[in-house]
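Here is how the chains run, residue by residue.
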Amino acid sequence: SEAKPVVVSMGGLAASGGYYIACAADTIVANPSTLTGSIGVFGMIPNTEELFEDKLGIHNEVVKTNELSDLPSVTRPMTKLEKDKMQQMVENVYSTFVQHVADGRGMSFEEIDAIGQGRVWTGANALEIGLVDVLGDVGDAIEIAKEMSGVETYRIVEYPKQKDPIQILLEGFSSKMKSKIINE
């Protein structure tokens, strides 16, 4: 089967995971004020030891086969080895993210890393640094997709399908009736 061109229209926000998905598109359209980029990763493991033990009276006992068996644990502070492993995992995910963007945008790893590091850009700035291709809205993206595909006639289908107000009202009524019947 033939590859179909993909055009992404980014609205008010397309950062981090949103940009990760968008970056492989053939054309990315953004509003001038679209918050985009955030090519970065962070990891956070809370330590709830004091909450569990001092506040709730819950004591945790762990039996494990090696030093990293219970990584990550939220019931004790992390060891230096665990912190190092978590840092390594975060850096691996970041490298994958940067490489994915570099491949999608036709840029080098170093170019993307220089504009990555978790920074967020407006659509106008993102255009200047190569993260988006065109400033515009969804209507512009549709026109670009039409031209790229060579299609003259088309229809637009929006997902998820929106329920009409009458359907929502009837569903609410139906739920209330079921509750009333169960209660009686």
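Nothing here was measured: the structure is a model prediction, and the numbers come from that model.

**Q** Report on the overall build of the chain, specifying residues and quantitative values.
**A** Helices and strands together make up the secondary structure of the chain, namely seven helices and six strands. Reading the secondary structure of the chain in the N-to-C direction produces β-β-α-β-β-α-α-α-β-α-β-α-α. Since a compact globule built from 184 residues should have a radius of gyration of about 16 Å, the 24 Å found for the chain marks it as more spread out than a globular shape. Taken along the three principal axes of its C-alpha coordinates, the chain extends 65 × 65 × 35 Å. When each of the 184 residues of the chain is scored for burial, the buried share is 23%.

**Q** Describe the sheet that holds strand β3 (residues 27-30), with residues and values.
**A** Across the sheet, three strands lie side by side as β1-β3-β6; this open sheet has parallel pairing. Two strands close off the open sheet at either side, each with one partner strand: β1 (7-10) and β6 (134-135). Pairing geometry for β3 and β6, over two bridges, is parallel. Within β6, the position partnered with valine 29 by the bridge is valine 134. Those strands touched by helix α6 (residues 138-149) are β1, β3 and β6, and its axis lies near 175° from that of β1.

**Q** Can you explain helix α3 (residues 80-105)? Please cite residues and give values.
**A** With 26 residues, α3 ought to run about 38 Å at 1.5 Å a step, and its terminal C-alpha atoms sit 37 Å apart, in line with that. The complete set of buried residues in α3 reads Glu82, Met86, Val90, Tyr94, Phe97, Val98, Val101, Ala102 and Arg105. Residues of α3 that are buried in the fold lie against α1 (17-22), β3 and α4 (109-115). Phi turns positive, to about 65°, at glycine 106, one or two residues after α3.

**Q** Account for the nonpolar core, with residues named and values stated.
**A** In summary, soluble globular proteins display a tendency toward joint burial of nonpolar side chains. Counting residues in each nonpolar core, the largest one holds 21 residues, and the members touching the most others are Met10, Tyr19, Ile28, Ile39, Val101, Ile112 and Leu131. Counting only elements with at least two residues in this core, the list comes to β1, α1, β3, α3 and α4. Sequence-distant contacts of isoleucine 112, that is, excluding residues within four places in its chain, are made with Ile39, Val98, Val101, Ala102, Met107 and Leu131.

**Q** If you had to explain the environment of glycine 150 to someone new, which residues and values would you point to?
**A** Residue position: glycine 150 is located in the loop between α6 and α7 (165-183). Relative accessible area serves as the criterion here: at 53%, glycine 150 is assigned to the exposed category. With 136 residues separating them along the chain, glycine 150 and alanine 14 place their C-alpha atoms 27 Å apart.

**Q** Got a sec to walk through the side chain of glutamate 82? Specific residues and values, please.
**A** Mapped onto the elements of the fold, glutamate 82 is located in helix α3. A distance of 2.9 Å separates a polar side-chain atom of glutamate 82 from the backbone nitrogen of threonine 79.

**Q** Mind laying out a nonpolar patch on the surface, listing which residues take part and the relevant values?
**A** Taken together, the side chains of Leu13, Leu35 and Val120 define a hydrophobic patch exposed on the protein surface, amounting to about 280 Å² of accessible area. Assignment of secondary structure puts leucine 13 in strand β2 (residues 13-15).

**Q** So what's going on with unusual backbone geometry? Residues and values would help.
**A** That bond from leucine 71 to proline 72 is cis: its omega, -5°, falls within 30 degrees of zero. Cis geometry marks the peptide bond from tyrosine 159 to proline 160, where omega comes out at -5°. You can see proline 160 is positioned in the loop between α6 and α7. Phi at serine 16 is positive, roughly 55°, even though this residue is not glycine. Position of serine 16 relative to the elements: it lies in the loop between β2 and α1.

**Q** Give a description of a negative patch on the surface that names residues and reports values.
**A** Together, Glu50, Glu53, Asp54 and Glu61 give the surface a local cluster of negative charge. Tracing the sequence through the fold places glutamate 50 in helix α2 (residues 49-55). Glutamate 50 gets classed as exposed once you look at its relative accessible area, which sits at 54%.

Calculation criteria
- Residues numbered from 1 in each chain as written.
- Predicted model: local features only at pLDDT ≥ 70, side-chain atom pairs only at ≥ 80, totals over all residues.
- Heavy atoms only, no water.
- Helix = DSSP H or I, 4+ residues; strand = E, 2+ residues; numbered from the N terminus.
- Rg over C-alpha atoms; globule rule 2.2 N^0.38 Å.
- Buried < 20%, exposed > 50% of the residue type's maximum accessible area, 1.4 Å probe, protein only.
- Pairing = 2+ DSSP bridges.
- Contact = heavy atoms within 4.5 Å.
- Axes fitted to C-alpha atoms, helices over the stretch in contact; angles between N-to-C directions.
- Expected span 1.5 Å × (residues − 1).
- Core = buried A, V, L, I, M, F, W, Y, C linked by side-chain atoms within 4.5 Å.
- Polar contact = N/O pair within 3.5 Å; in protein donor to acceptor, adjacent residues only side chain to side chain.
- Patch = residues over 30% accessible without salt bridge, like charges linked within 9 Å, V, L, I, M, F, W, Y side chains within 5 Å.
- Areas by Shrake-Rupley, 256 points an atom, 1.4 Å probe, with all protein chains shown as cover.
- Salt bridge = Lys/Arg side-chain N within 4 Å of Asp/Glu carboxyl O.
- Lys, Arg positive; Asp, Glu negative; His and termini not counted.
- Charge placed at Lys NZ, Arg CZ, Asp CG, Glu CD.

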